Amino acid sequence: MQKNNYQLSHRLILGISLCLAIIPAIVLGVLILKYSVNVPIQDQWQISAIFEKFNQGTLSFNDLIAQHNESRKFFPRLIFLALAFLTKWNIRYEMLVTFLLACIVSVNIYLLNRLTIGGSQIKGLTIALVSNIFIFSAVQYENWLWGIQIVVFTPIVCITSCILIAYSRLNNLTKILICMVLSTISTFSYANGLLAWVIVLPVLTLVQLKSLSDIRKNIILYLLWIIVFIANITFYFHDYQKPLSHPSPLESLQYPYQTFQYFLAFLGSSLGVGSSIQPLNNSIILGAVIIILFISFCCYVIWHIKEYELRHKTIGWIMLGSYTVISALVTSMGRVTLGIEQALSSRYTTFSTYIIICIIHLIIIVGEDAIKKEYFLINKSLFSKIICWFIGIITVFQVHNLTYSVEKMKSWKQDFLKYKGCLLLIDFTHDNCQNLIDSYYFEYIKQQANYLTEIGFLDPGLITTNRIPYLVDSSNNRQLKGTFEKLEFIGGNNLLATGWAIFTDTNLPVDTIVLSYDNSQGESIVSAVADMTMSRPNLVKEFKSQKYFKSGWQKVLSTHRFPQGNIKVKAWALDTNTTKFYQIPGTYLVNKNGENITVLFRDQPTLN
């Protein structure tokens, strides 16, 4: 009876541990669903060119292998192409693939944990929980909410899979062949994917090494690895051209101190970026602590390199941590001239995360080994408490970062809903959405957006008329609250429009604010999209709700296309999912006489 109760209790604890371990993934999944926006942005427009070529039957291997910035995204392009035609290019499915890639990494890390640390399943799941807090950290929000960032996660999936294969019982030839395939996928997915060849070979060589004769036995396999690596590099850099907009790595030699600061900030960013006070300095300090710990563990292992068990347990984690270190070095040399603060970019935290995960595992393995050798005058119980404190501290950093990251995700969604509104009206806005869409690429994006609408790859498609009355939601499926507060002349041909608005069904700021003027038939014509979000603490105080904080908007409105005479200027909320318009209370009468602009009066709206 007692044995049955013990088994039941053990299973219950195991079940709870498993549920806790997957909570970080569930939380992230909810955040992605809540804050993602189905709209192509930035580099995704270049990717869209392959859809057009495929649809026209002109897509070639060269198109798929072509250089994009510093990378050759051959394998991700295949994923983008398949998803685009399966989902009519719903960007959220790309985010789903990114999430699934992170899940594969999580499983790989857990299995590697079981192979190198062992112990009870509860112990393994507890470590997995902490690892998952970092793997699924919302501080990587740019990578989670930008579909093209599949490319960032592909190399780490390949590398962790290779390390796991190196620990498996497969024969050496099979290990080498599988890892060569995965390293090739890594190489032709993202620029730092080339590191897979450097990271994986030492693991393959040392993980099962018991004597030097083992190396001699497999020397042909290792030479084969080097030959295929050289072949990958040769093919990768054939016709390679350094992106003109990217700084030269040689420039970093002129700024050694700043480069070192950038390196440390890069390493510490996944812990320090969410700090409300001096995040850069905090990241540099944390980066210094991280690299000191990592080097210390490496030195310990090197000192005991002849010990098979210790080497076997640590080599995978050391090389995985080295992936972060080398990535930090390469990025520091290539980006330091853009400013040290750039090291805190959310995109880089996906790389810096893994050295922390490695340190968590190494501190347990090395610590237990040191206690066994009686290097420390502490027992296992005290060591376990120290580990708990260490893990607890870095977990607190991550929980604090969650608040910061959620706010960033909210801002991301609000910014790209405005961008999406601009994209939907790209054929009609008078200022070409210059503050939301890069003017250098505007015509290209406009051309691609029209073609993608034609083949059904934009949902919803571009709006086909600038006459707002045809787009007003006459059934009032959504209700809004807000007002067009102010319209004032600020010189030249410009007016400054200000107001606020939220959709009451979601209690969120409206997707996009569109300003219009009336033509001679009295029809409201699209003029511009408001591109500035304004904080409104006065509304928070007045209505006693935080939902109004980011509800403000502002736009400098050019009148150069306004007709002469008296014109009504209105503000509208655009639902970017349905392309329906809802008028915001408040209409202004503006007189244009030649180049002279006068705001005559405003009607008095009734607040909703």
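You'll find the structure just up there.
Remember, it's a predicted structure, so these values are computed and weren't measured experimentally. (Residues numbered from 1 in each chain as written. Predicted model: local features only at pLDDT ≥ 70, side-chain atom pairs only at ≥ 80, totals over all residues. Heavy atoms only, no water.)

Moving on to the side chain of Arg 311. Looking at where Arg 311 falls in the secondary structure, it is placed in helix α16 (residues 308-335). Look at Arg 311 and you get buried, because its relative accessible area is 7%. When neighbours within four sequence positions are excluded, Arg 311 is seen to be in contact with Leu 206, Leu 209, Lys 210, Ile 305 and Lys 306. (Helix = DSSP H or I, 4+ residues; strand = E, 2+ residues; numbered from the N terminus. Buried < 20%, exposed > 50% of the residue type's maximum accessible area, 1.4 Å probe, protein only. Contact = heavy atoms within 4.5 Å.)

A separate point is the pattern of salt bridges. Using the criterion set out here, one finds 15 salt bridges in the structure. One salt bridge in this structure joins Arg 536 and Glu 485, with 2.9 Å as the shortest N-O distance. With a gap of 51 residues between them, Arg 536 in the loop between β8 (532-534) and α20 (537-543) and Glu 485 in strand β3 (residues 480-491) connect regions that are remote in the sequence. Classification of Glu 485 by relative accessible area gives partly exposed; the value is 28%. For the salt bridge of Lys 555 with Asp 531, the shortest nitrogen-to-oxygen distance reads 2.8 Å. Of this pair, Lys 555 sits in strand β9 (residues 552-558) while Asp 531 sits in the loop between β7 (524-529) and β8, placing them 24 residues apart in sequence. Per residue, the accessibility class of Lys 555 equals that of Asp 531, and both read buried. Each of Glu 307, Asp 369 and Lys 373 takes part in salt bridges that share partners, so that together they form one network. (Salt bridge = Lys/Arg side-chain N within 4 Å of Asp/Glu carboxyl O.)

Next up on the list: unusual backbone geometry. Of note, the amide linkage connecting Asp 459 to Pro 460 takes the cis form, showing an omega dihedral of -5 degrees. By the element assignment, Pro 460 lies in the loop between α19 (442-454) and β3. With a phi angle near 55 degrees, Lys 88 is a residue other than glycine that sits in the positive phi range. The exposure class assigned to Lys 88 is partly exposed, which follows from its relative accessible area of 44%. Although it is not a glycine, Lys 544 sits at a positive phi angle of roughly 55 degrees. Considering the arrangement of structural elements, one finds Lys 544 in the loop between α20 and β9.

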